[in-house]
Amino acid sequence: MCLGYGLSNGHQNLVIVVDGRRLNNIDNGPQLLSSIPIQSIAKIEILKGAGSVEFGDGANAGVISITTKDFNGVEFNAYTGSFDTDYASLGLGYANDLLSISAFGDYYETDGQRNLQTTSDKKDASRSKNGNFNLKLYPSEGLEIRAGWAATRISTTYANSLTLAQYKENPSQAGSGFTEQTLDSDLFSLGVDYDITDEFNIDINLFTEDKTSIYPAFSSKYEYDYNSAEAKLRYNKNSLKVVTGFFAFNGERKASNNTTSKDNLAAYVKTDYKIDSHSFSAG
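The model shown is predicted, which means the values in this text are computed figures rather than measured ones. (Residues numbered from 1 in each chain as written. Predicted model: local features only at pLDDT ≥ 70, side-chain atom pairs only at ≥ 80, totals over all residues. Heavy atoms only, no water.)

(A) Region of interest: the overall build of the protein chain. Of the regular secondary structure elements, the protein chain holds three helices and 15 strands. Principal-axis analysis of the C-alpha atoms gives the protein chain an extent of 70 × 45 × 45 Å. Burial analysis of the protein chain (283 residues in total) assigns 32% to the buried set. Taking contacts inside the protein chain between residues at least 6 apart in sequence as the whole, the part at least 24 apart equals 51%. (Helix = DSSP H or I, 4+ residues; strand = E, 2+ residues; numbered from the N terminus. Buried < 20%, exposed > 50% of the residue type's maximum accessible area, 1.4 Å probe, protein only. Contact = heavy atoms within 4.5 Å.)

This is the structure:
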């Protein structure tokens, strides 16, 4: 929840960024956090306050910026637990002065904790698979060229809410029903990062994502097509930081009976200046 924006609308006023890509949707759907395996995360930054100058609409309550790992060598994790819960992940990578190759995959499943029907053994089960591949080239000093692919496959059953009295009586009871969903997502990315001088840096990113979300009980199928491009020119010297950027986004959601679209085009300038323990920002 974002303070001041409520339980139902909080996510619409918070931008979540993963490796430079916005996770926010063009409809009221929340950001798909389950597509970011914890084992693949290297760093999480929380930018408090209004970040709409640099991160666009939806950043009124702040920004959560997530950076994922580049694996070098082999990293394997696995666990098992109650309710037939199993998880396994594998990260592989190789790096030298000229290139970095990294791949990651994980699988999670659980049979669920709550009974969803009084007449059957159906529970709030969930299955998810995530995978990504990233290639980085360093053809010259200060220059990085990136290409990546990421995929998510999710099949889950959401248990509907319980009243307080029902929860106190038995938190695993069926309640008022359930909702099933399957979701497939494929993302492709290209990027260039170049240190022009010691003070100036330019960063360019292109993203394209195809996503399909299906709710079988409602015969609902949503097909998302997102394309975005962003270029940032950064200046950083002593106490002064300036970023000038350009951002373009085209998104479309096709449903059985309607189409929703969104087009963003923006240019921005943001300045940060520090004096001792004080920081001043303008944009």
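Let us keep going from here.
(B) Up close: the environment of Leu98. Considering the arrangement of structural elements, one finds Leu98 in the loop between β6 (85–95) and β7 (99–110). For the pair formed by Leu98 and Lys136, sequence separation is 38 residues and the distance between their alpha carbons is 8.5 Å. Filtering out sequence-adjacent residues up to four positions away, Leu98 remains in contact with Lys136, Leu137 and Tyr138.

(C) Quick peek at the pairing of strand β1 (residues 15–18). Neither face of β1 is exposed, since Val15 and Val17 on one face and Ile16 and Val18 on the opposite face are all buried. Here four bridges tie β1 to strand β4 (residues 62–68), and the two strands are oriented parallel to one another. Paired with Val18 across the two strands is Ile66, which belongs to β4. Relative to strand β2 (residues 21–22), β1 runs antiparallel, the two being bridged by two bridges. Within β2, the residue paired with Val17 across the bridge is Arg22. Linkage of β1 to β2, two consecutive antiparallel strands, is achieved through a turn of two residues, within which Asp19 is found at a positive phi near 50°. (Pairing = 2+ DSSP bridges.)

(D) Looking closely at the sheet that holds strand β14 (residues 259–275). Read across the sheet, 11 strands follow the order β5-β6-β7-β8-β9-β10-β11-β12-β13-β14-β15 without closing on themselves; strand pairing throughout is antiparallel. Looking at strand neighbours, the two that pair on one side only are β5 (73–81) and β15 (278–282), the edges of this open sheet. Neighbour-to-neighbour, the strand axes of this sheet turn through a mean angle of 10°, independent of strand direction. Here strand β12 (residues 220–237) pairs with strand β13 (residues 240–254) via 15 bridges, running antiparallel. Its bridge partner being in β13, Ala229 is matched across the sheet by Ala248. (Axes fitted to C-alpha atoms, helices over the stretch in contact; angles between N-to-C directions.)

(E) Spotlight on the nonpolar core. Formed by Ile16, Val18, Leu23, Ile36, Ile41 and Ile66, the largest nonpolar core amounts to six residues. Ile66 has contacts with Ile16, Val17, Val18, Asp19, Ile36, Ile41, Lys43 and Ile44, leaving out every residue within four places of it along the chain. (Core = buried A, V, L, I, M, F, W, Y, C linked by side-chain atoms within 4.5 Å.)

(F) Local environment of the sheet that holds β4. Pairing within the open sheet is mixed, and its four strands lie in the order β2-β1-β4-β3. Sheet topology places β2 and β3 (41–48) at the edges, where each strand pairs with a single neighbour.

(G) The arrangement of the side chain of Thr156 in detail. With respect to the helices and strands, Thr156 occurs in strand β9 (residues 143–159). For Thr156, a relative accessible area of 11% translates into the label buried. Engagement of the side chain of Thr156 in a polar contact is seen with the side chain of Ser126, the distance being 3.4 Å. Setting aside residues up to four positions removed in sequence, Thr156 forms contacts with Ala125, Ser126, Thr179, Glu180 and Gln181. (Polar contact = N/O pair within 3.5 Å; in protein donor to acceptor, adjacent residues only side chain to side chain.)

(H) Quick peek at the pattern of salt bridges. All told, the structure shown has 11 salt bridges when counted by the stated rule. Note that Arg146 and Asp203 form a salt bridge whose closest N and O atoms lie 3.0 Å from each other. Taken together, the residues span a long stretch of sequence, with Arg146 in strand β9 and Asp203 in strand β11 (residues 200–215) at a distance of 57 residues. When the shortest N-O distance is used, the salt bridge between Arg234 and Asp203 registers 3.9 Å. Taken together, the residues span a long stretch of sequence, with Arg234 in strand β12 and Asp203 in strand β11 at a distance of 31 residues. Using a relative accessible area of 11% as the deciding quantity, one classes Asp203 as buried. (Salt bridge = Lys/Arg side-chain N within 4 Å of Asp/Glu carboxyl O.)

(I) The pairing of β14, seen in detail. Here β13 pairs with β14 via 15 bridges, running antiparallel. Bridged to Glu252 within β14 is Ser261. In this antiparallel pair of consecutive strands, β13 and β14, the connection spans four residues. Summarising the sheet, β14 and β15 pair through five bridges and their orientation is antiparallel. Counted as the bridge partner of Ile275 is His278 from β15. As consecutive antiparallel partners, β14 and β15 are separated by two residues, and within that stretch Asp276 has a phi angle of approximately 55°, a positive value.

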